[in-house]
Amino acid sequence: MNQTPLRLYRGFLKKNKLSYKEVKGAIPLKPSATAAVSVLDYNLDGHLDLFVANWFEQSKNGNMVPALD
């Protein structure tokens, strides 16, 4: 499991070379066991949305436990 939160990078061309720069604060999530990330326009507003699927959830006492749903 990775102990760092998800990060978002934006790609851009510079002198015909593809580069990436991190977009700070774009995903305000704490570190978690992320199973998948999907990029889609869920609400059809013309802006891309991120769906983050986690296979662990936080229990009432704060521990991470496998999601049963």
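Here, every reference points to the structure presented above.
The structure reproduced in this document is the subject of the present report. (Residues numbered from 1 in each chain as written. Predicted model: local features only at pLDDT ≥ 70, side-chain atom pairs only at ≥ 80, totals over all residues. Heavy atoms only, no water.)

**As for the overall build of the protein chain**
In step 1: A tally of regular secondary structure across the protein chain gives 0 helices and 6 strands.
In step 2: Starting at the N terminus and ending at the C terminus, the protein chain contains elements arranged as β-β-β-β-β-β.
In step 3: The buried share of the protein chain, taken over its 69 residues, is 4%.
In step 4: Considering only residue pairs separated by 6 or more positions, the protein chain has 15% of its internal contacts joining residues 24 or more positions apart.
In step 5: Only carbon and sulfur atoms are counted for the fraction: they give 55% of the accessible area of the protein chain, which is about 6,400 Å². (Helix = DSSP H or I, 4+ residues; strand = E, 2+ residues; numbered from the N terminus. Buried < 20%, exposed > 50% of the residue type's maximum accessible area, 1.4 Å probe, protein only. Contact = heavy atoms within 4.5 Å. Areas by Shrake-Rupley, 256 points an atom, 1.4 Å probe, with all protein chains shown as cover.)

**Describing the pattern of salt bridges**
In step 1: Under the criterion given, the structure shown has 1 salt bridge.
In step 2: Across the pair Lys24 and Glu22 runs a salt bridge whose closest N-O atoms are separated by 3.6 Å.
In step 3: Accessibility expressed as a relative area gives 68% for Lys24, which makes it exposed. (Salt bridge = Lys/Arg side-chain N within 4 Å of Asp/Glu carboxyl O.)

**Overview of a nonpolar patch on the surface**
In step 1: Taken together, the side chains of Leu8, Val37, Val39, Leu48 and Leu50 present a nonpolar region at the surface, about 440 Å² in accessible area.
In step 2: Looking at the element boundaries, Leu48 is found in the loop between strand 3 (34–40) and strand 4 (49–54). (Patch = residues over 30% accessible without salt bridge, like charges linked within 9 Å, V, L, I, M, F, W, Y side chains within 5 Å.)

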